[in-house]
Amino acid sequence: MDERTALGLLGDRLSAAGDDAAVVDGQVVTTDMLHDRTDFPDGTARYTAGWRAVGASLSDVAAMGADATAAVAVYAAPAFDEAQLADFVDGASEVCEAVGAEYVGGDLDHHDEFTVATTALGDADEPVPRSGAAVGDAVCVTGSLGRSGAALRLFERGDPTDLERANDLFRFEPRVTAGRALAGRATAMMDSSDGLARSLHQLAEASDCGFAVESPLPIDPVVDEVAADGDDRLELGVHFGEDFELVCTVPEKALAAVREDLSVDLTRVGTVVEREARSTSDRRGEAAASRVTLDGEPLADRGYTH
C-alpha cells in the first residue's frame, strides 16, 4: 500500500493520529524520517540537512498552533565524518534557535544510507486540528510556494552557484510564530509538506467540506526562473510540496486582525464551501474531484508521496 493508505489504516487504529502532531496533556509531539536518496539531493550540505530535517518536525509543531520547545534527531550514516556531523548539529541547532526552541541531542547509528529521524515537542494551549473548517471561512496560506521544487531543479543543474542557491532555498523557516498567532483563531490548519493541492484535499476531507480556490496563488518568483512553462510552474508551486508553509482556514471576520498579528504574508487563496456528494465508486482515501476546485475546475489530489 502507499503512504496515504497506510496512514488511513493507522488512523483507524490510533485515536490520537490524524493531525500534524499528537496532543498529550497540552504538549504536542511529532516525528519524521528523511533519507539521502529521497530527501537530500546531491549537493545538499550537511548543515542544510540538519536544518531541513529538524525543521520538518518543527513545521508540524507550527501547524498545531503550538510553541516549539525542543527537538532531537537520530543521525545514521555509513561512517561518521567529524566535519559533516558538526555541520549537521549546527544546522539542527540553528533552526531550533530560529523558532525559540532548543536542539537537545539524539542518537547516532551506522546505516548504509544517510538517514535522519527527528522528533519535536511543543506546548499548545489551543491546538488547531485539521477538522474545524466551516463554510464561509477564508482559505489561506503563509509565505510563498514552490521554493523546494525550484531548489530541486537547481540541485539537478549541479553548478556551484546553483547549489548554493538550492541549499539556501532548502533551509526554510518553520512557521512557529505564525502558528502561534493563528492558534485560537484558525479553524483548521496543517503544513504544506505534501503540496498545496494535497493539503487542501486533506483539510477538506478532515473537515467534511469543499474549497473553492482562485488564482493568483502565492507562487515564489524563483519558480519562474526554472519552470519550463505555465503547467510546470503550477506543478512546482501547487503539487510538488516540501515547502512547509501553513495552510489554514480563518473566519472572515477574524482575517484582518490575524494578518496584522503575523510577521509573514498570509494570502487568501479561496473560501470554504459545502462539500458536494461523493460518488459511491470513490475508493478509500480518494477525495471526490469536486471537493477542491481551482478557478472553477477540479484541482487534482496530487502531491509529494514518500
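Predicted model, so just to flag it, every value in this text is computed and none were measured.

> Please clarify how the UniProt feature "binding site: Mg(2+) 4" (unreviewed entry) in the protein should be interpreted in this entry.
According to UniProt, the feature "binding site: Mg(2+) 4" (unreviewed entry) maps to D20, T30 and D60 in the numbering used here. With the annotated positions falling across 41 residues, the maximum pairwise C-alpha distance of 7.2 Å places them together in a single cluster. Among the secondary structure elements, D20 is positioned in the loop between α1 (3–13) and β1 (22–24). Judged by relative accessible area, D20 falls into the buried class, the value being 8%. Those residues in contact with D20, other than ones at most four positions away along the chain, are T30, D60, A63, M64, R130, M189, M190 and D191. Structurally, the position occupied by T30 is in strand β2 (residues 27–35). Relative accessible area serves as the criterion here: at 6%, T30 is assigned to the buried category. Look past the residues within four positions of T30 in its chain and what remains in contact with it is D20, A21, S57, D60, V61, T118, T119 and A120. Of the polar contacts made by the side chain of T30, one reaches the backbone oxygen of D20; its length is 3.2 Å.

> Would you take a moment to explain the sheet that holds strand β12 (residues 297–298) for this structure?
Through backbone hydrogen bonds, the strands of a sheet pair up, either in parallel or in antiparallel fashion. With respect to topology, 7 strands assemble into an open sheet ordered β7-β9-β6-β10-β8-β11-β12, the strand pairing being mixed. Both outer strands of the open sheet, β7 (188–191) and β12, are each paired with one neighbouring strand and no more. Across 4 bridges, strand β8 (residues 210–213) lies against strand β10 (residues 266–273) in antiparallel orientation. Opposite V213, over in β10, you have G270 as the bridge partner. Running over the sheet, helix α3 (residues 46–63) touches β7 and β9 (246–250) and is turned about 175 degrees from β7. The strands that helix α8 (residues 196–207) touches are β6 (138–142), β7, β8, β9 and β11 (292–294); relative to β7, the one it contacts most, it runs at about 145 degrees.

> Quick question: what am I supposed to make of helix α4 (residues 82–98) here?
Every α-helical turn comprises 3.6 residues, leaving residues that sit three or four positions apart pointing alike. The terminal C-alpha atoms of α4, which comprises 17 residues, lie 24 Å apart, in line with the 24 Å expected from a rise of 1.5 Å per residue. Among the structural elements, α3, β3 (67–77), β4 (102–110) and β5 (115–123) are those in contact with the buried residues of α4. Its side-chain oxygen 3.1 Å from the backbone nitrogen of A83, D81 forms the N-cap of α4. One or two residues past the end of α4 sits G100, with phi positive at roughly 80 degrees.

Cut-offs used in this document
Residues numbered from 1 in each chain as written. Predicted model: local features only at pLDDT ≥ 70, side-chain atom pairs only at ≥ 80, totals over all residues. Heavy atoms only, no water. UniProt positions renumbered as here; feature names shortened; annotations may be inferred. Helix = DSSP H or I, 4+ residues; strand = E, 2+ residues; numbered from the N terminus. Buried < 20%, exposed > 50% of the residue type's maximum accessible area, 1.4 Å probe, protein only. Contact = heavy atoms within 4.5 Å. Polar contact = N/O pair within 3.5 Å; in protein donor to acceptor, adjacent residues only side chain to side chain. Pairing = 2+ DSSP bridges. Axes fitted to C-alpha atoms, helices over the stretch in contact; angles between N-to-C directions. Expected span 1.5 Å × (residues − 1).

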